[in-house]
Amino acid sequence: MSTAEKNEVWTVFKRLMGYITPMKGMFAMAVAGLITYGLVDATFIAFIKPFIDEGFAGQASSASSMPGMGGAMDVVSNGGFQASSDVLTLAPFVVIGLFTLRGLANFVSTYSISYMSAQLIMKMRQQVFEHYLSLPVSYIDRENSGNLISRVTFDTEQIARASGSALISIVRDSVTVIGMLALMFWYSWKLSLCILVIGPMMGLVMTVVSRRFRKVSREIQSAMGGVTATTEQMVKGHKNVLAFGGQETESNRFAQINNRNRQQNMKLAVAQAISQPTIMIIGSFALAFVLYAASLDSMKTELTAGTFATILGAMLAMLQPIKNLTRVNAEFQRGIAACTAVFELLDTEPEPDFGTHKADRVKGLLQFQDVSFRYPEQDRLALEHIDFEVKPGETLALVGRSGSGKSTIASLITRFYIGLEQGSIKLDGASIYDYDLKNLRSQVALVSQQVTLFNDTIANNIAYAYPGDVTREQIVNAAKLAHAMEFIEQLPEGLDTMVGENGVLLSGGQRQRIAIARAILRDAPVLILDEATSALDTESEKAIQQGLDNLRHNRTSVVIAHRLSTIESADKILVVEQGKIVEAGNHASLLEHGGMYAKLYQMQFGS
């Protein structure tokens, strides 16, 4: 692993530990339990020597006592062990005691680690979710929605699982390995020297494999994002899939993504399957060397049966912890890869909000002064030299072909996009970039052509994010102005009817009327209607227009419409074409002019 990679892993790991710091008490309990677990395993192996030498061979040794056993094994009588029968009698109680302690330590450590993992998942998911809420619209536009969802679901789960597995192996298995090594060197340092030879070889294998694990883990994350995105698209477009007979197309598309995910997981499984036997084979050389060395005459004189059995038992007991450390390495590297992706997201700059200007309620003077704007990573200007003024209480209508820049103008008012090429946008004489962002958006009520409703009641959707307390009467009044009560009253549960995910249980026109009611209830001084009546039938459209006409007395309105019948009463109409204003005036003057507006009108009404 290169120095840069080591630094990256250490930086990510150190940042991850920051989430554990508030749970220091639980972390200490987990570590104490894991250490106890590892020490009990080492102590049990250490018990083999006196059990064999004293229990069976009767080789009393007044100068020796059990390393690691403390007072539990020092049954002393006249400076030495009692008769061999005493050792055998005591052994069952020691074994029961050790394994009871081991079980208790396992419970404490498992519970503590599960608690920390659950807390880690909750905190990180919350942090990622809240960060999404602060990201600019341009970032969400660029990103794959499946990847965004995968960060909240899959990646955070991987991090928690990896951190839990890593803690278990790093502490418990490391303590076990260190305990076994100590036993081996205590009883025969000569036989134990072989560990010093194979140790670096094991380290080299684990380093190479770690790099492979991390690379494949990143590819698994990407593939998982593809699975999420494809599934989400199919669910959202389910009606279209059925209507166009696209089942086979979607099935094949998902099969490719699904197979890619399988391939990446198999790459990880192969690396894991190769690394563990390799470590075991290297370990077998050390074991073989011990067996060979023990057969030499010079070593036989130094070893007792109990000593040899303890060293052999310690070596065999080390194999599983070493195998665990190798296996957890795969989990750990998956966690590091997931951590890197999540932290990169969290490091993404949120929406800039340097403005400090606040207003309780603006009058509604809106000015675009020679505004030119380009979307990120786009060569062509989306808006070019846009210049207009809307006075308080006036209605401005924007018309033009799709993609001409009408919705871009609306998005700039709410600061969904920033970074003007030139010019300025002002509200009540102050630049919109000088406003506190939350305060600016509280002055604007937006109804877009893509209505978003939440899986909640109609009443809660109308009152969504309303500042302060809202009464039932206010909700009903807003629904009446939007002419939504006409269909709400016919529903079995009225305002308490659940609308389904994104309002799927309602028609397009009903969804838009609820969105309009939401905007009416907000009672903001600036109203933006982006194709707000596009999904309505003629009768509903006329009814809503009456409600919207009532609203315009006290607020500045910016209306984007394809259906020109909805904007005939506008104070000012701008015709936008390829990001430029090509015509301006009211309905009558533009018809008289005979330009693009007159042609659009003629196309719709035939005269």
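Residues numbered from 1 in each chain as written. Predicted model: local features only at pLDDT ≥ 70, side-chain atom pairs only at ≥ 80, totals over all residues. Heavy atoms only, no water.

Naming follows an unreviewed UniProt entry, where the protein appears as Lipid A export permease/ATP-binding protein MsbA of Shewanella corallii.

(A) Region of interest: the overall build of the protein. Of the regular secondary structure elements, the protein holds 21 helices and twelve strands. Here the protein holds 607 residues, and 47% of them are scored as buried. Within the protein, contacts between residues at least 6 apart in sequence are counted, and of these 78% link residues at least 24 apart. As displayed, the protein offers around 30,200 Å² of accessible surface, 57% of which is attributable to carbon and sulfur atoms. (Helix = DSSP H or I, 4+ residues; strand = E, 2+ residues; numbered from the N terminus. Buried < 20%, exposed > 50% of the residue type's maximum accessible area, 1.4 Å probe, protein only. Contact = heavy atoms within 4.5 Å. Areas by Shrake-Rupley, 256 points an atom, 1.4 Å probe, with all protein chains shown as cover.)

(B) Molecular detail of the sheet that holds strand 9 (residues 526–530). Overall, mixed pairing links the six strands, which are arranged 8-9-10-5-11-12 in an open sheet. With partners counted over all chains shown, the strands left at the sheet margins are strand 8 (444–447) and strand 12 (580–585), one partner each. Within this sheet the neighbouring strands show an average axis-to-axis angle of 15 degrees, counted without direction. Sheet analysis places strand 5 (residues 395–399) next to strand 10 (residues 556–560), joined by four bridges and oriented parallel. Its bridge partner being in strand 10, Ala 397 is matched across the sheet by Val 559. Sheet strands in contact with helix 21 (residues 596–605) are strand 5, strand 11 (572–577) and strand 12, and its direction is about 95 degrees off that of strand 11. (Pairing = 2+ DSSP bridges. Axes fitted to C-alpha atoms, helices over the stretch in contact; angles between N-to-C directions.)

(C) Quick peek at a nonpolar patch on the surface. Taken together, the side chains of Leu 104, Phe 107, Tyr 111 and Tyr 115 present a nonpolar region at the surface, about 450 Å² in accessible area. In this structure, Leu 104 sits in helix 4 (residues 84–134). On the basis of relative accessibility, which here comes to 53%, the residue Leu 104 falls in the exposed class. (Patch = residues over 30% accessible without salt bridge, like charges linked within 9 Å, V, L, I, M, F, W, Y side chains within 5 Å. Salt bridge = Lys/Arg side-chain N within 4 Å of Asp/Glu carboxyl O.)

(D) Just the pairing of strand 3 (residues 366–373), in detail. Summarising burial for strand 3: six of the eight residues are buried, a large majority. Pairing geometry for strand 3 and strand 4 (residues 383–390), over five bridges, is antiparallel. Within the sheet, the bridge partner assigned to Gln 367 lies in strand 4 and is Glu 389. As judged from the six bridges shared by strand 3 and strand 6 (residues 420–427), these two strands associate in the antiparallel manner.

(E) Fine view of the packing of helix 2 (residues 24–46) against helix 6 (residues 145–187). Running from N to C, helix 2 and helix 6 cross one another at 30 degrees; their axes reach a closest spacing of 8 Å. The orientation of helix 2 relative to helix 6 falls into the category roughly parallel. Crossing geometry of helix 2 relative to helix 6 is assigned as right-handed. Mapping the contact onto sequence places Phe 27, Ala 30, Val 31, Leu 34, Ile 35, Tyr 37, Gly 38, Leu 39, Asp 41, Ala 42, Ile 45 and Ala 46 in helix 2 and Leu 167, Ile 168, Val 171, Arg 172, Val 175, Thr 176, Gly 179, Met 180, Leu 183 and Tyr 187 in helix 6. Looking at side-chain class alone, the contact of helix 2 with helix 6 contains 17 nonpolar, three polar and two charged residues. (Parallel < 35°, antiparallel > 145°, perpendicular 65-115°, else oblique. Left-handed = near helix turned anticlockwise from the far one by under 90°. Nonpolar A, V, L, I, M, F, W, Y, C, P; charged D, E, K, R; others polar.)

(F) Region of interest: the sheet that holds strand 4. Taken together, four strands build an open sheet; the order of strands is 4-3-6-7 and the sheet is antiparallel. Strands at the two margins of the open sheet, each flanked by one partner only, are strand 4 and strand 7 (430–431). The strands touched by helix 13 (residues 406–413) within the sheet are strand 3, strand 4 and strand 6, with strand 3 carrying the most contacts at an inclination of about 115 degrees.

(G) Looking closely at the side chain of Lys 406. Locating Lys 406 in the fold gives a position in helix 13. Setting aside its immediate chain neighbours within four residues, Lys 406 contacts Leu 398, Val 399, Gly 400, Arg 401, Ile 560, His 562 and Val 576.

(H) Main features of helix 16 (residues 472–481). For helix 16, the full list of buried residues reads Ile 475, Val 476, Ala 478 and Ala 479. Seen end-on, helix 16 carries its buried residues on one side only, within an arc spanning 160 degrees. Close packing links the buried residues of helix 16 with helix 15 (458–462), helix 17 (485–488) and helix 18 (508–522). His 483 occupies a position one or two residues after helix 16 and carries a positive phi of about 55 degrees. (Arc of directions from axis to C-beta.)

(I) Representation of the confidence of the model for the protein in the model. Scored by pLDDT, the protein has a mean of 80; 83% of the residues are at 70 or more. Note that pLDDT drops below 50 for residues 59–83; the model gives that stretch 33 contacts with residues more than four away or on any other chain. (pLDDT = per-residue confidence, 0-100.)

(J) A look at the packing of aromatic side chains. Under the criterion given, the structure shown has nine aromatic pairs. For the pair Phe 368 and Phe 388, a centre-to-centre distance of 4.6 Å together with 15 degrees between the ring planes defines the contact as stacked. With Phe 368 in strand 3 and Phe 388 in strand 4, this residue pair connects regions lying 20 residues apart in the sequence. This pair shows no difference in class: Phe 368 is buried, exactly as Phe 388 is. (Phe/Tyr/Trp six-rings, centres within 6.5 Å; stacked < 30°, edge-to-face > 60°.)

(K) How the structure looks around a positive patch on the surface. On the surface, Arg 212, Lys 215, Arg 260 and Lys 267 cluster together to form a positively charged patch. Breaking the positive patch down by element, the ones donating at least two residues are helix 8 (194–236) and helix 10 (247–294). By the element assignment, Lys 215 lies in helix 8. Classification of Lys 215 as partly exposed rests on a relative accessible area of 46%. (Lys, Arg positive; Asp, Glu negative; His and termini not counted. Charge placed at Lys NZ, Arg CZ, Asp CG, Glu CD.)

(L) Quick peek at the environment of Val 177. The residue Val 177 is located in helix 6 in this model. Look at Val 177 and you get buried, because its relative accessible area is 14%. If we ignore the near neighbours within four places in the chain, the residues touching Val 177 are Met 318, Pro 321 and Ile 322.

(M) Layout of unusual backbone geometry. One non-glycine residue, Ala 465, adopts positive backbone phi at about 55 degrees. Inspection of the secondary structure assignment puts Ala 465 in the loop between helix 15 and helix 16.

(N) Molecular detail of the nonpolar core. Ranked by internal contacts, the top residues of the largest apolar core, which has 43 residues, are Ile 462, Ile 488, Leu 495, Ile 567, Ile 573 and Tyr 597. For this core, the leading source of residues is helix 18, giving seven residues. Not counting chain neighbours up to four residues away, the residues in contact with Ile 462 comprise Ile 475, Ala 479, Leu 495, Ile 514, Ala 517, Arg 518 and Leu 521. One finds Phe 368, Phe 373, Ile 528 and Ile 560 within the second-largest nonpolar core, a separate group that totals 32 residues. (Core = buried A, V, L, I, M, F, W, Y, C linked by side-chain atoms within 4.5 Å.)

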